[in-house]
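# Coordinates in review
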Amino acid sequence: MKVPKLQIGNIISEIPILQGGMGVRVSLSSLASAVANEGGIGTIASVGIGDIEASKHDYERISREAMVREIHRAQNLTDGHIAINVMAVLSNVNDLVRAAVKEGIKIIVAGASLPLRLPAVVEDSSVNLLPIISCGRAAKLVLRAWDKRYGRTADGIILEGPLAGGHLGFSREQLKEPEKYSLINLLPDVIEAIKAYEDKFGKKIPVIVAGGIYDGKDIARMLLAGASGVQMATRFVCTVECDVSQKFKQAYLDAEEKDIVIIDSPVGLPGRAIRNKFLKNLKIKGKLKINCPYKCLSTCNANEAQYCIALALVNAYFGDLDNSVIFCGQNAFRIKKIVSVKELINELISEIEAF
Ligand SMILES: Cc1cc2nc3c(=O)[nH]c(=O)nc-3n(C[C@H](O)[C@H](O)[C@H](O)COP(=O)(O)O)c2cc1C
């Protein structure tokens, strides 16, 4: 099939691929700019981006400055499209969004719980707001709230299915039925849910699907099913340009299907990760000691949380894998080598064209 472009508001991406935001520090300026240079949309993940020690004294400022540095780096490396990913549960989410907009970012993707108040912090209508949702009902909830409260609608919707990496918008029970909640099954509901808002606001709201998209065939199938594009994350981890440590990438290459497990996160959602010493230890101990110098998640109660997810993810970034949570998508075990972003995107494009 012919590779379509992806239009989000007045932004046109040459290819229908958005690289998913990956915290902590897995997708920063290096990966995001490399994807943007290949005609896709690159995403910098804002969660946990600031230096941990310095953050103890002024979490909000240190996080903001670290994100702005990454935005500047990316802007120096590419003229392409760069998005910022925020998690709605971050205690400093509004500050990050305001700072990103101030730096000229035109795409904000918000997940990890519904970003019902996101438009309140973005007055500029040229900034495209994309909520991440997991079903038609959630899409309706967000769009209804945005319409009622702010007279605004989404500029795109990310439908993230149960095979994704990181935090998941599905219960453990639902995750046992991946077929029932497959993207192909969820997509028609979402397309139906947004229709009323496309009519009311007189614009197309592209639906971008995420979670388990592995190759060009998967992309082509989703496009034929009515998606306007795909968001992919796991495959971009094993690229030369991905910002995370080599050890993290190697953990993906070494992983077998049986090593990919569902965990509970202090964020209040299940997550998908590679089984390791940390998770085994956690299972034995039940709860690890937490020293929380700043409250990075509005949903986390440090006294009750099993472990500090921020620390576990920062450790993963640095390659201290025995003390970390290694987030990954369900298809991580299929990746066999590290390639450049250019090679990966060329491969995906050829596969779509051959479909
Ligand atoms: C290592 C890793 C970290 C992630 N971190 C975030 C994040 O910070 N915010 C977010 O909205 N999604 C996050 N995700 C989800 C991805 O952005 C993406 O939607 C999802 O993983 C897509 O599925 P795939 O990995 O199978 O391509 C993360 C995924 C991975 C693999």
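Here goes a summary of the coordinates provided. (Residues numbered from 1 in each chain as written. Predicted model: local features only at pLDDT ≥ 70, side-chain atom pairs only at ≥ 80, totals over all residues.)

Across its full length, the protein carries 14 helices and 13 strands. In terms of overall size, the protein behaves like a compact globule, its C-alpha atoms giving a radius of gyration of 19 Å where 355 residues would be expected to give roughly 20 Å. Considered along the principal axes of its C-alpha atoms, the protein spans approximately 55 × 45 × 45 Å. Burial statistics for the protein: of 355 residues in total, 52% are counted as buried. Within the protein, contacts between residues separated by at least 24 positions form 67% of all contacts whose residues are at least 6 apart in sequence. (Helix = DSSP H or I, 4+ residues; strand = E, 2+ residues; numbered from the N terminus. Rg over C-alpha atoms; globule rule 2.2 N^0.38 Å. Buried ≥ 20, exposed ≤ 12 C-beta atoms within 10 Å, placed from the backbone. Contact = placed C-beta atoms within 7 Å.)

Right, let's talk about the site of the ligand for a bit. Close contacts around the ligand come from 29 residues, with G20, G23, G165, G166 and G329 the closest. Listing elements by their share of the shell around the ligand, those giving two or more residues are strand 5 (81–87) and strand 11 (229–232). Considered class by class, the residues forming the shell around the ligand number 15 nonpolar, 13 polar and one charged. (Near = placed C-beta within 6 Å. Nonpolar A, V, L, I, M, F, W, Y, C, P; charged D, E, K, R; others polar.)

Phi is mostly negative for residues that are not glycine, and the peptide bonds are mostly trans. Cis peptide bonds are those with omega within 30 degrees of zero, and the linkage from G23 to V24 qualifies with -5°. Within the fold, V24 resides in the loop between strand 3 (17–19) and helix 1 (29–37). In this model, R25 sits at a positive phi of 65°, which is unusual for a non-glycine residue. If you trace the backbone, R25 turns up in the loop between strand 3 and helix 1. Of note in the backbone geometry, S113 takes a positive phi value of approximately 85° without being a glycine. Tracing the backbone shows S113 in the loop between strand 6 (107–111) and helix 5 (118–121).

Moving on: the pairing of strand 6. The side chains of a regular strand alternate, residue by residue, between the two faces of the sheet. Of all five residues making up strand 6, five are buried, and the element is well covered by its neighbours. Here strand 6 shows two buried faces, one formed by I107, V109 and G111 and the other by I108 and A110. Across five bridges, strand 5 lies against strand 6 in parallel orientation. Paired with I84 across the bridge in strand 6 is I108. Handedness of the strand 5-helix 4 (residues 93–102)-strand 6 crossover: right-handed. The sheet contact formed by strand 6 and strand 7 (residues 128–133) spans four bridges and is parallel. Of the residues in strand 7, the one forming a bridge with I108 is L129. (Pairing = 2+ DSSP bridges. Right-handed = clockwise from strand over helix to strand, strands pointing away.)

Here helix 6 (residues 136–150) crosses helix 8 (residues 183–201) at 15°, and the two axes come no closer than 8 Å. Classed by the angle they form, the pair helix 6 and helix 8 counts as roughly parallel. Judged by the twist between their axes, the crossing of helix 6 over helix 8 is right-handed. Residue-level contacts link G136, A139, K140, L143 and D147 of helix 6 to D189, V190, E192, A193, I194 and Y197 of helix 8. (Axes fitted to C-alpha atoms, helices over the stretch in contact; angles between N-to-C directions. Parallel < 35°, antiparallel > 145°, perpendicular 65-115°, else oblique. Left-handed = near helix turned anticlockwise from the far one by under 90°.)

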